[in-house]
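# Examining the three-dimensional arrangement
This is what each chain is made of:
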Amino acid sequence: MTLPTLQNMGVIYRRILSEFPQDISLAFAYGSGVFKQHGTNQGQMEKNMLDFVIAVDDPVTWHTMNLLQNRKHYSILKLLGPTTVSSIQHDYGASIYYNTLVPVDGRKIKYGVISTESLLDDLTHWKTLYVAGRLHKPVKMLVQNENAKLRDALVSNLKSAVTASFLMLPESFSEEDLFLQIAGLSYAGDFRMVIGEDKSKVHNIVKDNIQHFRILYSNILRDCLQVVYKPQQGKLEVDKSPEGQFIQLMALPRTLQQKITKLVDPPGKNRDVEEILLQVAQDPDCGAVVQQGISSIVKSSSITQSIKGIATAGLWKTVSYSSKKLLKMWKGWRRKPSVSQMS
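Residues numbered from 1 in each chain as written. Predicted model: local features only at pLDDT ≥ 70, side-chain atom pairs only at ≥ 80, totals over all residues. Heavy atoms only, no water.

In the annotation of an unreviewed UniProt entry, the entry for the chain reads Phosphatidate cytidylyltransferase, mitochondrial, and the organism field reads Takifugu rubripes. Recorded under Catalytic activity (unreviewed entry), the UniProt text for the chain is reproduced unchanged: "a 1,2-diacyl-sn-glycero-3-phosphate + CTP + H(+) = a CDP-1,2-diacyl-sn-glycerol + diphosphate". The UniProt entry for the chain carries this comment under Cofactor (unreviewed entry): "Mg(2+)". (UniProt positions renumbered as here; feature names shortened; annotations may be inferred.)

### Describing unusual backbone geometry
Located in the positive-phi region is serine 95, a residue other than glycine, with phi close to 60°. Relative to the helices and strands, serine 95 resides in the loop between α4 (82-91) and β3 (96-104). A positive phi angle is found at leucine 129, which is not glycine, with a value near 60°. With respect to the helices and strands, leucine 129 occurs in the loop between α5 (116-125) and α6 (131-134). (Helix = DSSP H or I, 4+ residues; strand = E, 2+ residues; numbered from the N terminus.)

### Things to note about the layout of surface pockets
Of the pockets and cavities examined, the second largest pocket occupies roughly 440 Å³. In terms of lining, the second largest pocket is formed by 20 residues, of which the most central are Met141, Leu154, Leu158, Ile215 and Leu216. Every element with two or more residues in the lining of the second largest pocket is listed here: β5 (140-144), α7 (148-168) and α10 (210-223). A breakdown of the residues in the lining of the second largest pocket according to their chemical character gives twelve nonpolar, four polar and four charged. (1 Å grid on protein atoms, 1.4 Å probe; cavity = no way out; pocket = protein on both sides within 12 Å on 5 of 7 lines; lining within 4 Å. Points joined across faces, edges and corners; volume = space filled by probe spheres on them. Nonpolar A, V, L, I, M, F, W, Y, C, P; charged D, E, K, R; others polar.)

### Quick word on the sheet that holds strand β8 (residues 235-238)
Ordered in space as β6-β8-β7, the three strands form an open sheet in which the pairing is antiparallel. Every interior strand has two partners, whereas the edge strands, β6 (172-174) and β7 (227-230), have only one. Across this sheet, the average inter-strand angle for adjacent strands is 20°, counted without regard to direction. Alignment of β7 against β8, held across four bridges, turns out to be antiparallel. Of the residues in β8, the one forming a bridge with lysine 230 is lysine 235. (Pairing = 2+ DSSP bridges. Axes fitted to C-alpha atoms, helices over the stretch in contact; angles between N-to-C directions.)

### Brief notes about the packing of aromatic side chains
With the rule as written, the count across this model stands at eight aromatic pairs. Every member of this aromatic cluster is reached through a ring pair, and the members are Phe20, Trp62 and Tyr111. Note that lysine 110 overlies the ring of tyrosine 98, its terminal NZ or CZ placed 5.1 Å from the centroid. One Lys or Arg, arginine 134, reaches over the ring of tyrosine 130 and ends 4.2 Å from the middle of that ring. (Phe/Tyr/Trp six-rings, centres within 6.5 Å; stacked < 30°, edge-to-face > 60°. Lys NZ or Arg CZ within 6 Å of the ring centre and 35° of its normal.)

### Describing the environment of tyrosine 187
Within the fold, tyrosine 187 resides in the loop between α8 (175-184) and α9 (201-207). In this structure the C-alpha to C-alpha distance between tyrosine 187 and arginine 134, which are 53 residues apart in sequence, comes to 9.9 Å.

### Notes on the confidence of the model for the chain
With 86% of its residues at a pLDDT of at least 70, the chain reaches an overall mean of 88. Long-range and interchain partners of residues 1-7, a stretch whose pLDDT sits below 50, account for 17 contacts in this model, where long-range means more than four residues apart. The low-confidence segment residues 337-343, where pLDDT is below 50, has six contacts with residues more than four positions distant or belonging to other chains. (pLDDT = per-residue confidence, 0-100. Contact = heavy atoms within 4.5 Å.)

Right under this line is the structure:
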């Protein structure tokens, strides 16, 4: 099924990607410039910035080539050279280096570069949930090389999103409830949702893209032994017994399990992770504990990545980009749907 993104966008994506060094293990486009969001029309979409993530096996070599081809894309950090740029990419924030407000083919783009190794770590363990969280939602995959580990990690990330969402939802819920929960995972604890993002962002992402979410998740839901999935009715029922919740908690990514154990285990007790998760599984507030664990991952990575973004974008681009975000947030407040409209 062809995803209904903007007309002729496939050609535009290929033209944009051709501007970069071609040693790419995975590349995707995402966001409001790619998929229609509730409350926006075609004309607004065409004005929105196009967002890309590019994964590369060797960041130093890739940045060396990109600095030769696209030196103007970089802030003053380009003067430090490709090795330092790669270190800044890997060692700070969410291990991704963004160049933003870059003019290409008459459009403004933002692209983030991440190492394949860091991407695998995030997809598998939810180390930062920064790129993994973007991949919980529909994206336009542009390049994906024959890397079995990467392919398995992409599926594992989707399964983890489903499992975490099950723990935070009631026993019975709709497909839309599930997709709203999944889409909101990477915004839980993100300080930009307090200032800088449209508060109805998650609703807007899901509302007009239910079919894209179904494409992503229907096979996983059908194969999952923890849930009764009724696609015709768009309804689901999940096992909320302590035994069921324990199985789900044990299947969560490692970083989230560590955050949950830190929240629950008193200092100095040093109990076994399995023992702590068994306790959480029997707690009526199990879902809230999982939510707190996710929030702590996202809060940390969103703050550090945003601080890093000031350096990688440069001050002028940071001010310009932030002002556009604030304008979108204000517009979101003005058109905020009532409860009756959202139901």
